[in-house]
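For reference, the chains in residue letters:
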Amino acid sequence: MRDDGHMQGGGCHDRRRRDHTGRRRDSTDGHWERPSSRAFAIRRENGGRDFRMLPAALAAWMASAAAHQWWRWLTLMDDDPMSVTGYAIGALAVMLLPVVLVVPSLAAHGLIRPLRASLGDAVAVMAVAGLLSAAAAVTADSVRWHDAAHVQARDGPADVVAVVRVRSPAVSSTVRGSDCQVDGRVVSLSIRRSPANPLSERSPVPSRADIRVLLSGDVCSALTDTAVYRFPGTLSTASYGRQPLWLTCDDMRVPDVVSAPSGTARIVKAMQQGLLRACDRLSDQARVLVPGLTVGVLGQDAVRVRDTASGAASHGSEEGLSSGTERVGGVDAAYAALLEEQFRRSGIMHLMAVSGGHFMVIAGLVHRLCSRVLAPRWATGLVMAVSDVMLAIVVFPSDSVLRALLMGLFGAAAVAAGRRGQSVSSLSWTVIIVLLIAPSMSVSYGFALSCAAVLGIVLFAGPLTDWLACMLPRLLSAPLAMTIAAQSLTLPIQVLMDPQLPLASVPANLLVGPVVGFATMAGLVALFISWLMPQCGYVLAWIAGCGTSVMERVAAMVSDNEFATMPWAGGIPGALLMVLVESACATVLILATRWLRLLRSDGSGDGGQSFRPRLRDRIRIWWSQTVTMFDGDTDGGDRPVPHTKVAAGAIPVASMTGAHDGSCPAVWEDGDHGKQGRLASPVHHRVRR
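A few points on the structure. Everything quoted here is computed from the prediction, not taken from an experiment.

Structural notes on the state of the cysteines
In step 1: Taken as a whole and judged by the stated rule, the model has one disulfide.
In step 2: In this model C180 forms its disulfide with C220; the gap between the sulfur atoms is 2.1 Å. Negative torsions about the S-S bond denote left-handed disulfides, and the value of about -95 degrees found for C180 with C220 makes this one left-handed. Residue C180 is located in strand β6 (residues 180–191), and its partner C220 is located in helix α6 (residues 219–222); the two are separated by 40 residues in the primary sequence.
In step 3: Overall, the relative accessible area of 0% leaves C180 in the buried class.
In step 4: Given the relative accessible area of 2%, C220 is considered buried.

In structure tokens:
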């Protein structure tokens, strides 16, 4: 302790203060002192603010997307597979030179030594992540280029027999002339009726190409995920969509089963069909929206399997097919299309897809149950991981489900280890792992939208909530901040997909926010029990339908406004323009906030945050003061003295410890009995003696 009353070192009375940037200011001369890189790294890694892998994830994404685009450019220049592969290997070697030569040379000459703890390591990790993702993308493109199915498809449509492992449930087809479609992976391929080709139906060629099979008739309801079927049809290059190949099957007969589906896949199909049967007894909007909110596929797109004894099965359209299929169980196809368009114009179409919200609901419920039974951390993490995997299995597969599953597993591992979850770090590692395993995800709009929304919420939801809390109650500021934060990074991607701005998305999300949680939970419970207890499943599906009815009315009300959407420039220029507009708006808000903070500050430089009592606290204080004003001291001598008055002989403690500044309730002490109390109001009170 020094003579002037201040503690030496870094104690709580240290004269050196820090501003919001982490720099230290000496109160004697006012000069700023830059902290060490280690201290800055520790503060940056504290809590949920570990951003070290974010630059590496961005580098991996850009490198993978650039590699895919570069491969397309090479294939347009030269059709020779060996030449294209040679170009790709040469480009990877050129990309590797800066890492092998330039970075060590800079470190040897001391050019990156002052920031070796931040810049040097970050550059090295970014280079490694970018090279690995680019190599994975080029390798995947090269393997696909040489695959037998792709080679045959590039030569033109061919009549083939393909052995395909189904990897998704059957849904309504997006191609005219087909009833349903499934995605799968080719196991082997045989060419039929092609005498010029040396291959024949008796000599199948192995393949690993991803393919979309287009089907019609009763076969739609007979397919099950994970099974292997032999499909005869026409192989061609896809005209649109993520799948590169199409196999159009003209035969309406059930294909030959090469390998039966797993028991888990059969149970999942029974659960999904149980939910669809429960929804068929509901209103039109519930038949369409409840399956979308619960499993990620709209009701008009789901294939229904009905009782074979009644002579009907599956999906079709309302006009009726010879197989007895119908589209949405009697719902008009025009109404279903109108409902989907209303959700899209309102900016709430993301509610009809399984995302991180479903996994957060399940993880939060599991965590509370495990805490209730006092389960150890490792058991809680294990149960959370198992629940995430089960949820990912029972819903329809999508890019957002894959992202949410991996991030949920990272969160479960953090719980098991007793560590706080790092959202940005887990998102960064998720991106890197996904791009290494499935390089095509770097050009997927769904995966990009999911990751951008999560990153925006993690980065901006907290500061926006604090900023909006000064003007709005917490009940409105938190959901509004989350909506704005999610759209801040997704709008440039949405402009690439559709050159329109959903101006009504913020109010629409605020209006439907209160019903999304319980509707999702009711739908998930209905999914798990409808196949065993149809009546209970129907009740839960009806509860979920009550929530979706609110969403339907909000979408209809908002989308009818002519200002619901605004045209915007499309393509990359439109996305860059959106980034510039958002950056300008954010800069103006930050500068205005700092200017107002300087105007309100007293110039002492202590910083801090103003005290703002909650709304219910202000109401309670107002009510207590109102009652005191009308009641007086006593009521006929029987009512006790109100607690805002101090009895005779009481000595205010604030008068002994210092002047009361009004920031907290005043404390008084009874001089006769030694009793203590607290004034009900944080404002100054006149004490009667």
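Things to note about the pairing of strand β10 (residues 245–248)
In step 1: Pairing of strand β8 (residues 210–215) with β10 involves three bridges; the strand directions are parallel. When the sheet's bridge partners are listed, R212 is paired in β10 with W246.
In step 2: Sheet topology note: the strand β9 (residues 228–237)/β10 ladder contains four bridges and is antiparallel. Directly across from T237, in β10, lies its bridge partner L245.

A short note on unusual backbone geometry
In step 1: At T226, a residue that is not glycine, the phi angle is positive and equals roughly 75 degrees.
In step 2: Mapped onto the fold, T226 is located in the loop between α6 and β9.
In step 3: Residue T226 is classed as partly exposed on the basis of its relative accessible area, which comes to 29%.
In step 4: Backbone geometry places L374, a non-glycine residue, at a positive phi of 60 degrees.
In step 5: On the secondary structure map, L374 appears in the loop between α10 (356–372) and α11 (377–394).

Here we look at the nonpolar core
In step 1: Counting residues in each nonpolar core, the largest one holds 38 residues, and the members touching the most others are F359, L391 and V394.
In step 2: Sequence-distant contacts of F359, defined by excluding residues within four places in its chain, comprise V354, D388, L391, A392, V401, A404 and L405.
In step 3: In this structure, A149, V213, Y229 and V303 belong to the second largest nonpolar core, which totals 28 residues.

Calculation criteria
Residues numbered from 1 in each chain as written. Predicted model: local features only at pLDDT ≥ 70, side-chain atom pairs only at ≥ 80, totals over all residues. Heavy atoms only, no water. Disulfide = S-S within 2.5 Å. Helix = DSSP H or I, 4+ residues; strand = E, 2+ residues; numbered from the N terminus. Buried < 20%, exposed > 50% of the residue type's maximum accessible area, 1.4 Å probe, protein only. Pairing = 2+ DSSP bridges. Core = buried A, V, L, I, M, F, W, Y, C linked by side-chain atoms within 4.5 Å. Contact = heavy atoms within 4.5 Å.

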